[in-house]
Amino acid sequence: METLKNCPVCNHDKLNPFLSCIDYTVSRETFKIVQCASCGFRFTNPRPEEKEIGKYYQAEEYISHSDTRKGLVNKLYQIVRNHTIKEKVKLINRLIPNSQPQAPSLLDIGCGTGEFLNACKKDGWEITGIEPSEIARKNAENKYGITPFVPERLFEISEKKLNVITLWHVLEHVYQLDKTIEQISRILADDGILIVALPNCDSFDARKYKECWAAWDLPRHIFHFTKKDIETLFKKYNFRIIEVLPMKFDSYYVSLLSEKYKNARLPNAQGSYNLLSGFWNGFKSNLLAGKNENGFSSQIYILKQN
Ligand SMILES: [Zn+2]
């Protein structure tokens, strides 16, 4: 384990305890989140060292890597994912209309098993993927003939020409936060678009489920961002948010999983779902997010360099 002494966003050294959470997915260990006294940023601290984090991903349930289709929530996840991928492709085409003679280029950091990249490739994009999990890389190769690079290769890219860089629920896992954003700013074309999707710990469902909120996902999520944190962090690299979009299915998925975690705390419980409350809170989260500043359970931040 390693303990950060300073806030990764503003470098302030006064950090207050915020929450303790159990890792329900893999280890059943308890981890802590602290909050910066200056900027309010929340992050997992202490956290496993980067070289030890691999063992916390070793669960069949970690679907983005293994692509299993077991269980109700996982089944729903797969259906929604197919729909979401189409929406993502529509989004990049809206942001970068393909009017140039060559295909527009896209780099997906943390591409998992390559579903999104495959959809982009079919749509005429020139694609590159980066993925730390060897299993996921092999799956991408076998299923779609896509060969993602290991994360170190990101820093070997030298040309400043990518039209779009995407991180779909990835930045909250990235240890080399500043180094990664700095490199992104170097290789994104001047008029390029950066898309960062993240859980939002200011959302209604985060507040509602507290330590049982599934999107804390400790210790795999080492950072817990709000819109304000994204603004402050990316400003250092001359990025500004030009648009924020909701991911409305995530509130349901996260609320259902949070219900499971909540029940799992009871003695002898098998972690059964309270489906109705999960759906209700997911619905409520979306409804309220449309009406206040706290935002949706998960959000897509679209950024551009000044
Ligand atoms: Zn701070």
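See the structure above.
Residues numbered from 1 in each chain as written. Predicted model: local features only at pLDDT ≥ 70, side-chain atom pairs only at ≥ 80, totals over all residues.

Notes on the overall build of the chain
Here's step 1: A tally of regular secondary structure across the chain gives nine helices and ten strands.
Here's step 2: Computed over its C-alpha atoms, the radius of gyration of the chain comes to 19 Å, within 12% of the 19 Å expected for a compact globule of 306 residues.
Here's step 3: Judged by the C-alpha coordinates and their principal axes, the chain covers about 60 × 45 × 40 Å.
Here's step 4: Of all 306 residues assigned to the chain, the portion counted as buried reaches 40%.
Here's step 5: Of the contacts formed within the chain by residues at least 6 apart in sequence, a portion of 70% connects residues at least 24 apart. (Helix = DSSP H or I, 4+ residues; strand = E, 2+ residues; numbered from the N terminus. Rg over C-alpha atoms; globule rule 2.2 N^0.38 Å. Buried ≥ 20, exposed ≤ 12 C-beta atoms within 10 Å, placed from the backbone. Contact = placed C-beta atoms within 7 Å.)

Observations regarding the pairing of strand E5 (residues 126-130)
Here's step 1: Most of E5 is tucked away: four of the five residues are buried.
Here's step 2: Note that strand E4 (residues 105-109) and E5 share five bridges and pair parallel. Bridge pairing in E5 links isoleucine 109 to isoleucine 130.
Here's step 3: Taking the sense of rotation as the criterion, the β-α-β connection linking E4, helix H3 (residues 115-122) and E5 turns out right-handed. (Pairing = 2+ DSSP bridges. Right-handed = clockwise from strand over helix to strand, strands pointing away.)

Description of unusual backbone geometry
Glycine aside, negative phi is the norm for most residues, and most peptide bonds take the trans geometry.
Here's step 1: Cis geometry is found at the peptide bond from asparagine 45 to proline 46, where omega equals -5°.
Here's step 2: Within the secondary structure layout, proline 46 lies in the loop between strand E3 (42-44) and helix H1 (63-66).
Here's step 3: The backbone of lysine 210 sits at a positive phi, close to 45°, despite the residue not being glycine.
Here's step 4: For lysine 210, the position within the fold is in the loop between helix H6 (204-209) and strand E8 (223-224).
Here's step 5: Its 12 C-beta neighbours within 10 Å are what place lysine 210 among the exposed residues.
Here's step 6: Even without being glycine, asparagine 238 reaches a positive phi, approximately 65°.
Here's step 7: The class for asparagine 238 is exposed, based on 11 C-beta atoms found within 10 Å.

Looking at the sheet that holds E5
Here's step 1: Spatially, E5-E4-E6-E7-E10-E9 is the arrangement adopted by the six strands of the open sheet, whose pairing is mixed. Among the strands making up the open sheet, the edge pair consists of E5 and strand E9 (239-246). Each adjacent strand pair in this sheet contributes to an overall mean axis angle of 20°, direction not counted.
Here's step 2: Across seven bridges, the pairing between E9 and strand E10 (residues 298-305) is antiparallel. Looking across to E10, one finds that leucine 245 is bridged to isoleucine 300.
Here's step 3: Most of the contacts of helix H7 (residues 227-235) go to E9, to which it runs at about 155°, and overall it touches strand E7 (188-199), E9 and E10. (Axes fitted to C-alpha atoms, helices over the stretch in contact; angles between N-to-C directions.)

A word on helix H8 (residues 248-264)
Here's step 1: When the terminal C-alpha atoms of H8 are compared, their 25 Å separation across 17 residues agrees well with the 24 Å that a helix rising 1.5 Å per residue should span.
Here's step 2: H8 sits mainly inside the fold: 13 of its 17 residues count as buried. (Expected span 1.5 Å × (residues − 1).)

Concerning the sheet that holds E8
Here's step 1: Taken together, four strands build an open sheet; the order of strands is E1-E2-E3-E8 and the sheet is antiparallel. Unpaired on one side and paired on the other, strand E1 (15-22) and E8 mark the two borders of the sheet.
Here's step 2: The sheet contact formed by E1 and strand E2 (residues 30-36) spans seven bridges and is antiparallel. Within E2, the position partnered with leucine 19 by the bridge is isoleucine 33.

Structural notes on the pairing of E2
If a strand is regular, its side chains alternate between the two faces of the sheet.
Here's step 1: Bridge count between E2 and E3: three bridges; the pairing is antiparallel. Residue pairing for E3: valine 34 is matched across the bridge by phenylalanine 43.
Here's step 2: In this structure, the hairpin formed by E2 and E3 is closed by a connection of five residues, where glycine 40 is found at a positive phi of approximately 85°.

Digging into the packing of H8 against helix H9 (residues 275-289)
Here's step 1: The geometry of H8 relative to H9 is characterised by a closest axis approach of 8 Å and an angle of 145° between their N-to-C directions. Along this stretch, H8 crosses H9, giving a crossing that reads as right-handed. In this structure, H8 contributes Lys248, Ser251, Tyr252, Ser255, Leu256 and Glu259 to the contact, and H9 contributes Leu275, Ser277, Gly278, Phe279, Asn281, Gly282, Ser285 and Asn286.
Here's step 2: Residue classes in the contact of H8 with H9 are distributed as four nonpolar, eight polar and two charged. (Left-handed = near helix turned anticlockwise from the far one by under 90°. Nonpolar A, V, L, I, M, F, W, Y, C, P; charged D, E, K, R; others polar.)

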